[in-house]
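Chain by chain, the residues run as shown.
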Amino acid sequence: MISFAKSNVYSSQGPRQLMMGDGAAGQVEQLLKGWKIAGGDVLLVADKEVVKLGLDRKVAAPLEAAGYAVAVFDGIVGEPTLEIAEALAGFARQKPFKAVVGMGGGSSLDMSKLAAAFATNPEGVTEHLGATTFAKAPLPLINVPTTAGTGAEATAVSMLSVQGRKAVVLGPQLVPLATVLDAELTKTLPPKITAATGMDALSHALEGFMSINASPFTDTQATTCMSIVARWLKPAYEDGSNMEARRAMIYGAYIGGLTLNAGVVLGHSVAYTIANRCHLPHGVSCAMALPYTIAYNLKAIPERISQAADLVLGKHGSKPEELVTWVDELIVALGLPRSLQEVDISETDVPAMIAECVERYPRPTNPAPIDADRLKVLYETMVTGDIVRAVEYYQGG
Ligand SMILES: [Fe+2]
């Protein structure tokens with residue numbers, strides 16, 4: 001499962017410290033003290049939903065009791081814009097903050113990375129779009145996810161929307177110093193969000209496993225993540241109060257985030273073209289694209305896909321197409337859409353989606369070359385959810 005066949009040089013990154021357990025969000029102080037930050041101002045970056053639910057207090061109250069002054073920036077919304085990032089950068093420079101804590105879904109965690117970096121660096125956010133380095137080290141950063149899926153708490157990337165288009169700030173200095181996984185924060189997540197975010201984590205694992213940049217490090221994370229999701233996503237979806245399932249999924253999502261060191265493949269590109277036409281949660285569009293992405297790569301990496309099938313099915317000698325079927329059935333079991341027509345995308349949209357996929361979201365990491373002719377079958381079969389025809393076509397050529 002973990003391949004050592006390649007001789008390439010790889011580097012992988014992730015948080016330096018991990019703290020995990022029920023109630024761990026209340027122990028952020030322990031991390032700060034370990035870094036010789038014994039008091040002073042701490043910036044807490046959270047999204048409005050987290051503040052509305054009072055989850056921010058789970059971090060802030062114990063910190064305040066320990067003598068820290070906590071300032072909350074709660075202006076984060078889904079798909080944060082450049083304007084929000086600039087406002088946050090300004091906020092982060094207002095006080096001599098000693099550390100930053102990001103709390104929430106992927107957007108808050110991503111924005112907290114920018115808060116930590118721009119608190120110590122005076123430039124505008126636009127000057128650091130793309131792969132970048134900062135002259136001064138960012139403030140110590142802790143990420144506390146409240147969903148189980150995006151993996152943002154493990155990565156070096158911050159995604160934002162600049163004039164309606166997705167943009168990134170990316171660099172090893174943005175990786176959180178520590179991640180805190182407290183499954184109690186995810187206990188009240190509704191089933192729909194549990195399903196969507198869990199499928200995002202599975203997409204990271206399976207796409208990272210298929211990536212031509214997969215390494216022994218990411219294989220380790222990917223195989224662990226897919227095993228966890230296979231065992232625990234449905235129980236977490238069916239009974240949100242199942243804490244064993246919640247613990248498993250918040251850990252699986254983190255491990256899935258580490259898999260992103262290999263990069264994602266075609267699936268996330270197809271997912272963006274879906275999301276650009278209807279407002280679906282990221283994890284739902286990723287889930288829809290996933291079986292077709294595996295099908296697309298069946299002929300390029302059959303053995304690898306068989307290995308993944310063995311893992312999720314808990315047996316030996318699986319045929320590669322069994323992985324496609326397993327993902328497709330999981331989507332149905334989680335009540336997610338499995339065809340484009342279910343989300344009001346029709347055959348007439350296909351030519352524009354193909355062009356957008358090829359031009360705006362190229363994926364050199366994908367094991368099978370991406371070209372418009374082959375993509376046509378992917379999108380056409382996805383319109384009606386005809387995954388069987390997709391498998392037959394891609395296995396044939
Ligand atoms: Fe994702």
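Every value quoted in this text rests on a predicted model; they were computed, and no experiment measured them. Every chain's residues receive numbers from 1 upward, in the order its sequence appears when written. Restriction of local features to residues with pLDDT of at least 70 applies here, the model being predicted, together with a cutoff of 80 or more for giving and counting side-chain atom pairs; totals for whole chains, interfaces and linings are based on all residues.

A. The overall build of the protein chain, seen in detail. The helix and strand inventory of the protein chain stands at 15 helices and 9 strands. C-alpha atoms define the radius of gyration in this analysis, and the globule rule sets the expected value at 2.2 Å times the number of residues to the power 0.38. The globule rule puts the C-alpha radius of gyration for 397 residues at 21 Å, and the 21 Å found for the protein chain is close to it. Based on the C-alpha atoms only, the size of the protein chain along its principal axes is roughly 65 × 45 × 40 Å. Every C-beta atom is placed from the backbone, and the number of other C-beta atoms within 10 Å of a residue's own sets its class: buried at 20 or more, exposed at 12 or fewer, partly exposed in between. Counting over 397 residues, the protein chain shows a buried share of 51%. Helix numbers and strand numbers start at the N terminus; a helix is a DSSP run of H or I with at least 4 residues, a strand a run of E with at least 2.

B. Local environment of helix α9 (residues 266-275). In terms of burial, α9 is a largely internal element, 9 of the 10 residues being buried. L266, G267, H268, S269, V270, A271, T273, I274 and A275 are the residues of α9 that are buried.

C. Looking closely at the environment of T147. Structurally, T147 can be placed in the loop between β6 (141-145) and β7 (157-162). Here T147 falls in the buried class, since 27 other C-beta atoms lie within 10 Å of it. A sequence separation of 106 residues divides T147 from A253, and the C-alpha atoms of the two residues are 8.7 Å apart. We call two residues in contact when their backbone-placed C-beta atoms lie within 7 Å. Ignoring anything within four residues of it in the chain, the contact list for T147 reads G105, T186, L189, I193 and T197.

D. Quick peek at the packing of helix α6 (residues 191-210) against helix α10 (residues 282-296). The interhelical angle for the contact between α6 and α10, taken along N-to-C directions, is 40°, at an axis separation of 8 Å. In terms of their interaxial angle, α6 and α10 are classed as oblique. Note that α6 runs across α10; the crossing there is left-handed. Along the contact surface, α6 presents A196, T197, M199, D200, S203, L206 and E207, while α10 presents H282, G283, V284, C286, A287, L290, T293 and I294. Looking at the contact of α6 with α10 residue by residue, the class counts come to 8 nonpolar, 5 polar and 2 charged. To get an axis, fit a line to the C-alpha atoms, keeping to the stretch in contact for a helix; angles then go from 0 to 180 degrees between the N-to-C directions. These descriptions rest on fixed angle ranges, namely under 35 degrees for roughly parallel, over 145 for roughly antiparallel, 65 to 115 for roughly perpendicular, and the rest for oblique. Left-handed is the label given to a crossing in which the near helix is rotated counterclockwise from the far helix by less than a right angle, and right-handed is the label when the rotation is clockwise. Three categories are distinguished: nonpolar for Ala, Val, Leu, Ile, Met, Phe, Trp, Tyr, Cys and Pro, charged for Asp, Glu, Lys and Arg, and polar for the others, with Gly belonging to the last.

E. Structural context of the sheet that holds β6. Paired strands, as defined in this entry, are two strands with at least two bridges between them according to DSSP. Spatial ordering of the open sheet is given by β1-β9-β6-β4-β2-β3, a layout of 6 strands whose pairing is parallel. The open sheet terminates on both sides in strands that have one partner only, identified here as β1 (17-20) and β3 (68-76). Sheet twist, expressed as the mean angle between neighbouring strand axes with direction ignored, is 20°. Relative to β3, strand β2 (residues 40-47) runs parallel, the two being bridged by 7 bridges. Its bridge partner being in β3, L44 is matched across the sheet by V72. Contacts between helix α5 (residues 106-118) and the sheet are confined to β2, β3, β4 (99-104) and β6, with β4 contributing the most and set at about 165° to the helix. Sheet contacts for helix α8 (residues 243-259): β1, β6 and β9 (178-181); angle to β9, the most-contacted strand, approximately 155°.

F. Seen up close, the domain arrangement of the protein chain. Segmentation of the protein chain into domains returns domain 1 (17-186) and domain 2 (191-396). Taken together, the contacts link 16 residues of domain 1 with 19 residues of domain 2. Here the side of domain 1 that touches domain 2 is built from residues that sort into 7 nonpolar, 7 polar and 2 charged. For the purposes of this description, domain bounds are those given by an automatic or database domain assignment.

G. Examining the nonpolar core more closely. Counting 127 residues, the largest nonpolar core has V45, V100 and A115 as its most contacted members. It is α10 that provides the largest number of residues to this core, a total of 10 residues. Excluding anything up to four places from it in sequence, A115 contacts L43, V45, L88, A92 and V100. Throughout this description, the term nonpolar core refers to a group of buried Ala, Val, Leu, Ile, Met, Phe, Trp, Tyr and Cys residues whose C-beta atoms join them within 7 Å.

H. Seen up close, the pairing of β7. Examined bridge by bridge, β7 and strand β8 (residues 165-170) share 6 bridges and lie antiparallel to one another. Paired with V162 across the bridge in β8 is R165. Here β7 folds back onto β8 in antiparallel fashion, the turn holding 2 residues, of which Q163 has a positive phi close to 50°.

I. Main features of the pairing of β2. The buried count for β2 comes to 6 of 8 residues, which makes it a mostly enclosed element. Relative to β4, β2 runs parallel, the two sharing 5 bridges. Across the sheet, the residue bridging to L43 is V100, located in β4.

J. View of the sheet that holds β7. With mixed pairing, 3 strands are arranged side by side in an open sheet as β5-β8-β7. Of all the strands in the sheet, just β5 (130-131) and β7 have a single pairing partner and so form its edges. Relative to β8, β5 runs parallel, the two being bridged by 2 bridges. From the neighbouring strand, A131 faces β8, where its bridge partner is L170. Where α5 meets the sheet, its contacts fall on β7 and β8, and the angle it forms with β7 comes to roughly 100°.

K. Structural context of the environment of M199. Note on placement: M199 falls in helix α6. For M199, a count of 27 C-beta atoms within 10 Å gives the class buried. Residues within four places of M199 in sequence aside, it is in contact with G283, C286, A287 and L336.

L. Structural context of helix α12 (residues 321-333). Residue count minus one, scaled by 1.5 Å, sets the expected span of a helix. Between its terminal C-alpha atoms α12 stretches 19 Å, which fits the 18 Å expected from 13 residues at 1.5 Å a residue. Among all positions of α12, only E321, L323, V324, V327, D328, L330 and I331 are buried. Contacts from the buried residues of α12 go to α10, α11 (302-313) and α15 (387-396). Downstream of α12 by a residue or two, G335 has a phi angle that is positive, lying close to 70°.

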